[in-house]
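Now for the letters of each chain:
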Amino acid sequence: MKQRVFTKVFCILASLLVPALAEEDASKNVVTFKPTEIKAPFIEQFTSSWDSRWEVSHSKKISESENDENLLQYNGKWAVEEPSVYKNIIGDKGLVVKSAAAHHAISAKFPEVIDNEGKTLVVQYEVKLQNNLECGGAYLKLIKKQDEEYDPKNYNDKTPYVIMFGPDRCGSTNRVHFIFRHKNPITGEYEEKHLETPPQAKIEKTTVLYTLIVRPDNTFEIKINNKTATTGNLLESFKPSVNPPKEIDDPEDKKPEDWVDIAKIPDPEATKPEDWDEDAPEMIPDEDAVKPDDWLDDEPEMINDPDAVKPEDWDDEEDGEWVPVQIPNPKCENNNCGEWTRPMKKNPEFKGKWKAPYIDNPDYKGPWAPRKIPNPNYYEDNEPHNFEPMTAIGFELWTMQNQIMFDNIYVGHSEADAEEFAKQTWVVKNKIEMIEFEKEAAKEKEEMLKNNGEPGLKEKIAVFAEEFKKDPITAFKKNPIFGTLGFILCAFPFASLLLVNRPKRKGLQQTIDELREKKQEGEEEEKETEALETENVEENVTSENLKQRTKAEGEEEKEEEKKDEE
Ligand SMILES: *[C@@H]1O[C@H](CO)[C@@H](O)[C@H](O)[C@H]1NC(C)=O
């Protein structure tokens with residue numbers, strides 16, 4: 001009777017739970033890709049026409065002279081495809097770095113040259129490290145307009161850029177670069193200005209949004225996932241600084257021969273006092289010390305062990321003369337044996353070597369520094385935000401990990417548009433990815449539960465429903481009990497009602513018994529593992545224990561040997 005009630009409740013619960021859990025998932029967040037209406041000097045969503053804009057470079061890499069010929073060429077593969085992890089918007093493709101440990105270069109010309117003079121510059125794009133990132137770059141470069149027409153086929157590491165922005169990681173070095181190249185108006189030379197304290201890149205497989213905003217007042221802001229990661233000023237936050245110092249040390253000015261920069265000297269007037277005895281020793285015997293009454297002048301420190309007994313089988317001829325073991329003399333416990341010597345004490349007459357006291361040097365002129373002269377290369381650019389015109393965007397990267405995905409690039413002048421663009425793209429993606437992410441976290445917790453304690457029936461059904469949704473066959477194989485149950489309950493709801501009341505329930509009872517058995521098995525296994533672990537721990541507690549044990553065993557053996565001999 002009890003079993004019948006249990007079966008009934010179980011069936012009803014299962015028939016409610018399985019479809020409910022499966023349905024909850026299926027209805028969630030199916031979003032299909034739609035290109036944006038937002039316009040910008042450059043906006044890229046890697047739609048089907050992407051290859052009319054982007055061109056892969058197979059140029060030689062100029063600045064490296066590695067021995068491996070392969071490394072000298074940009075031979076990394078690129079693809080435009082949907083994400084392989086944390087899938088998000090259906091039909092939304094991105095540009096993906098396909099080759100691990102390779103140089104990659106790809107670029108796209110802007111429809112028109114972007115001149116930023118007097119405007120805000122916004123650079124925004126998504127990075128998805130689908131295969132993590134241990135060592136590699138994921139930054140972009142805005143390529144400087146040149147006299148000659150820009151040729152994407154020859155894009156390489158020496159192609160002059162204006163701005164470099166984005167994540168770069170190798171081991172513990174992890175930063176979001178913001179570098180701009182600035183022209184010295186006097187020499188005409190360019191110098192890279194590096195953000196002094198760059199923020200850290202987010203190393204994760206979900207999509208991360210990087211935004212750089214430079215405003216016409218020279219302030220800048222870097223946002224990561226729409227959160228301010230750092231702010232600063234082009235004139236203050238970069239090394240080397242945009243503007244050189246106004247004055248420099250005169251290279252002609254040399255320190256004069258007779259310049260005195262020693263502040264203190266030994267007093268030349270001072271003499272050693274008559275009564276100064278340099279030879280008086282530091283320590284002397286303490287004459288006030290008295291030899292203690294209980295001092296034993298003739299008592300040796302070590303004595304023969306009175307308990308030592310010469311073994312009966314000791315053969316003086318073969319084994320040499322028997323000597324008892326030596327032990328510390330118990331009478332000398334207080335270190336009071338042997339010849340008594342006076343303890344030493346500090347000598348009140350001790351003075352040591354005489355030295356003249358130091359006085360201010362009358363010839364001291366202070367520290368020498370060269371004279372300052374106006375910097376002949378001085379200039380003042382108070383508007384470094386007016387970047388030079390830019391003609392293209394490029395990714396020029398080396399990376400150990402492939403599968404880095406780039407998407408939804410915005411290069412323009414409107415913070416509001418970039419924001420709106422992010423709302424249409426990254427915000428939607430992020431929401432979907434986070435659901436998946438949290439599900440995985442929950443699953444991990446589940447796994448932990450499985451290892452630490454048997455999960456409840458509800459969790460088991462939920463896991464099954466999850467697996468069933470993804471791959472029904474595997475789910476069935478892994479869990480034939482729920483599979484069969486689910487099949488019977490979902491496909492034949494009426495049959496299930498019959499099952500509850502009809503003699504066929506024997507089969508069902510069997511499955512329930514199996515379930516119980518499995519649970520028990522699991523518990524037993526766990527106990528075994530636990531026991532094993534405890535054993536290991538105990539064994540490791542101290543090597544001392546082990547030593548002692550070995551010693552004891554050795555002694556036992558010896559004793560046994562002795563007995564045998566006897
Ligand atoms: C970014 O954050 C701001 C302020 O927290 C918010 O108003 C805005 O909607 C967010 N934008 C996106 C794209 O998430």
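Quick note: structure is the one above.
Not measured: the values here are computed from a predicted model. Along every chain, residues carry numbers that run from 1 in the direction the sequence is written. For a predicted model such as this one, the threshold for reporting local features is a pLDDT of at least 70, and the threshold for listing and counting side-chain atom pairs is 80 or more; totals across whole chains, interfaces and linings nevertheless cover every residue. Only hydrogens and water are set aside; all other atoms, that is, all heavy atoms of the structure, feed into the side-chain values.

Visitor: Help me understand the overall build of the protein chain, please; the structure alone is not making it clear to me.
Guide: If you tally the helices and strands in the protein chain, you get ten helices and 25 strands. Here the protein chain holds 566 residues, and 34% of them are scored as buried. Contacts are assigned to residue pairs with any non-hydrogen atoms lying within 4.5 Å of each other. Put simply, of all contacts in the protein chain between residues at least 6 apart along the chain, 74% involve residues at least 24 apart. Accessible areas in this description were obtained via Shrake-Rupley with a 1.4 Å probe; residue shielding takes into account the shown protein chains only. Just so you have it, the protein chain exposes about 35700 Å², and 51% of that area is on carbon and sulfur atoms. Numbered from the N terminus, helices here are DSSP runs of H or I no shorter than four residues, and strands are runs of E no shorter than two. The cut-offs for exposure are 20% and 50% of the maximum accessible area for each residue type, with area from a 1.4 Å probe on protein chains only; residues under the lower value are buried, those over the upper are exposed, and the others partly exposed.

Visitor: Can you help me understand a negative patch on the surface in this one?
Guide: Patch rule: a residue counts if its relative accessible area is over 30% and it has no salt bridge; like charges are joined within 9 Å, and nonpolar side chains (Val, Leu, Ile, Met, Phe, Trp, Tyr) within 5 Å. Each salt bridge in this description consists of a side-chain nitrogen of Lys or Arg and a carboxyl oxygen of Asp or Glu lying within 4 Å of one another. Positive charges come from Lys and Arg alone, negative charges from Asp and Glu alone, with His and the N- and C-terminal ends not counted. Positions of charges follow a simple convention, taking NZ of Lys, CZ of Arg, CG of Asp or CD of Glu. On the surface, a cluster of negative charge is contributed by Glu312, Asp313, Asp315, Glu317, Glu318 and Asp319. Residue position: Asp319 is located in helix 2 (residues 316-319).

Visitor: Just to check I follow, could you spell out the site of the ligand for this structure?
Guide: What surrounds the ligand is the set Asn226, Glu419, Ala422, Lys423 and Val427. In the environment of the ligand, an oxygen atom lies 2.4 Å from a nitrogen or oxygen atom belonging to the side chain of Asn226. Pairing of N or O atoms within 3.5 Å defines a polar contact, subject to two protein rules: one partner must be a possible hydrogen donor and the other a possible acceptor, and residues neighboring in sequence count only if both atoms are side-chain atoms. One of the side-chain nitrogen or oxygen atoms of Lys423 is found 3.3 Å away from an oxygen atom of the ligand. Taken by itself the ligand offers 360 Å² of open surface, and the protein chains cover 50% of this. Ranked by residue count, the leading element in the shell around the ligand is helix 3 (residues 415-424), at three residues. Any residue with at least one heavy atom within 4 Å of a molecule or strand is counted as near it.

Visitor: Help me understand the pattern of salt bridges in this model?
Guide: Think of it this way: side chains of opposite charge can pair up when their charged atoms draw near. Under the criterion given, the structure shown has 27 salt bridges. Two residues, Glu221 and Arg215, come together in a salt bridge whose shortest N-O distance is 2.8 Å. Residue class for Glu221 comes out buried when judged on its relative accessible area of 12%. We classify Arg215 as partly exposed; its relative accessible area is 21%. The residue Asp297 makes a salt bridge to Lys291 at a minimum N-O spacing of 2.9 Å. Residue classification places Lys291 among the partly exposed positions, given a relative accessible area of 35%. When salt bridges that share partners are traced, they join Lys61, Lys141, Asp157 and Glu396 into one network.

Visitor: What is the right way to look at helix 3 in this model?
Guide: Residues spaced three or four apart along an α-helix point in a common direction, a consequence of the helix completing one turn every 3.6 residues. Restricting attention to buried positions, one finds in helix 3 the residues Ala418, Phe421 and Ala422. On an axial view of helix 3, the arc spanned by its buried residues comes to 100°, and they lie on one face. Elements in contact with the buried residues of helix 3: strand 1 (42-44), strand 6 (121-129), strand 12 (208-214), strand 25 (404-412) and helix 4 (426-452). It is the directions from the helix axis to the C-beta atoms whose arc is reported.

Visitor: For this particular structure, what's the right way to read the side chain of Asn329?
Guide: Structurally, Asn329 can be placed in the loop between strand 20 (326-328) and strand 21 (344-346). Judged by its relative accessible area of 5%, Asn329 is buried. A distance of 3.1 Å separates a polar side-chain atom of Asn329 from the backbone nitrogen of Lys331. Beyond its immediate stretch of four places on either side in the chain, Asn329 contacts Glu299, Pro300, Glu301, Met302 and Ile303.

Visitor: Explain the packing of helix 3 against helix 4 to me, please; I cannot follow it from the model alone.
Guide: When two helices pack together, their arrangement is given by the angle between the helix axes and the distance between those axes. Interaxial distance between helix 3 and helix 4 falls to 3 Å at its minimum, and their mutual angle equals 30°. Residues Ala422, Lys423 and Gln424 of helix 3 form the contact with helix 4, whose own contacting residues are Trp426, Val427 and Val428. For helices, the fitted axis covers only the stretch in contact; all axes are lines through C-alpha atoms, and the angles between them, taken along N-to-C directions, range from 0 to 180 degrees.

Visitor: Hey, could you run me through the state of the cysteines in this one?
Guide: A disulfide bridge is the covalent bond that connects two cysteines by way of their sulfur atoms. Any pair of cysteine sulfurs within 2.5 Å is marked as a disulfide. According to the stated counting rule, one finds two disulfides in the structure shown. Paired by a disulfide, Cys135 and Cys170 hold their sulfur atoms 1.9 Å apart. With the S-S dihedral at roughly -90°, the linkage between Cys135 and Cys170 falls on the left-handed side. With Cys135 in strand 7 (residues 135-137) and Cys170 in strand 9 (residues 161-170), this residue pair connects regions lying 35 residues apart in the sequence. On the basis of relative accessibility, which here comes to 16%, the residue Cys135 falls in the buried class. Under the relative-accessibility criterion, Cys170 is labelled partly exposed at 40%. The disulfide that involves Cys332 links it to Cys337, with 1.9 Å between the sulfurs. Residues Cys332 and Cys337 share a disulfide whose torsion about the S-S bond is about -100°; that sign makes it left-handed. A single burial state applies to Cys332 and to Cys337, both of which are buried. If one numbers only the bonded cysteines of the protein chain, in the order they occur, the disulfide pattern is 1-2, 3-4.

Visitor: It is not clear to me how the nonpolar core should be interpreted in this structure. Could you clarify?
Guide: One recurring pattern in soluble globular proteins: nonpolar side chains tend to sit buried together. Among the nonpolar cores identified, the biggest contains 52 residues, and Trp54, Phe178, Phe395 and Phe406 are the most heavily contacted of them. Each residue touching Trp54, except ones within four places of it in the same chain, is listed here: Phe42, Glu44, Phe46, Leu95, Ile106, Ser107, Ala108, Ile393, Phe395 and Ile409. Residues enter a nonpolar core if they are buried and are Ala, Val, Leu, Ile, Met, Phe, Trp, Tyr or Cys, with the set joined through side-chain atoms within 4.5 Å.

Visitor: Explain the pairing of strand 10 (residues 173-183) to me, please; I cannot follow it from the model alone.
Guide: Across a regular strand the side chains alternate sides, sitting on one face of the sheet and then on the other. Counting buried positions along strand 10 yields eight of eleven residues, so the element is predominantly enclosed. The rule for pairing is simple: two strands pair if DSSP sees at least two bridges between them. Bridge analysis of strand 9 against strand 10 gives eight bridges, and the strand direction is antiparallel. Considered in strand 10, the bridge of Gly166 is made with His177. The loop that links strand 9 with its antiparallel partner strand 10 comprises two residues; one of these, Gly171, has a positive phi angle of about 60°. Bridge analysis of strand 10 against strand 11 (residues 190-195) gives five bridges, and the strand direction is antiparallel. Directly across from Phe180, in strand 11, lies its bridge partner Lys193. Where strand 10 folds back on strand 11, the antiparallel hairpin that results is connected by six residues, among which Gly188 adopts a positive phi of roughly 80°.

Visitor: Would you mind going over the side chain of His104 with me for this structure?
Guide: Structurally, His104 is set in strand 5 (residues 102-114). Exposure remark for His104: the relative accessible area of 0% places this residue in the buried category. Among the polar contacts made by the side chain of His104, one reaches the main-chain carbonyl oxygen of Lys77 at a distance of 3.4 Å. Here Ser99 takes part through its backbone nitrogen, which lies 3.3 Å from a polar atom of the side chain of His104. Setting aside chain neighbours within four positions, we find His104 in contact with Tyr74, Gly76, Lys77, Trp78, Val97, Lys98, Ser99, Phe395, Glu396, Leu397 and Thr399.

Visitor: Looking at this structure, I do not really get the packing of aromatic side chains. What am I missing?
Guide: For any two aromatic rings, the description comes down to two numbers: the centre-to-centre distance and the angle of the planes. Pairing of aromatic side chains requires ring centres within 6.5 Å, counting the rings of Phe and Tyr and the six-membered ring of Trp. Pairs whose planes differ by under 30 degrees are stacked, by over 60 edge-to-face, and all others tilted. All told, the structure shown has 17 aromatic pairs when counted by the stated rule. Here Tyr125 and Phe165 contribute two aromatic rings whose centre-to-centre distance is 6.2 Å and whose plane-to-plane angle is 65°, an arrangement assigned as edge-to-face. Placement of Tyr125 in strand 6 and of Phe165 in strand 9 is noted, with a sequence separation of 40 residues between them. Per residue, the accessibility class of Tyr125 equals that of Phe165, and both read buried. Ring centres 4.9 Å apart and planes at 70° place the aromatic pair Phe180 and Phe238 in the edge-to-face group. Linking Phe180 in strand 10 with Phe238 in strand 15 (residues 238-239), this pair joins segments that are 58 residues apart in sequence. Taken as a pair, Phe180 and Phe238 share a single burial class, namely buried. Here the aromatic residues Phe42, Phe46, Trp54, Trp78, Phe110, Tyr125, Phe165, Tyr210, Phe395 and Phe406 are joined through ring pairs into a cluster of three or more.

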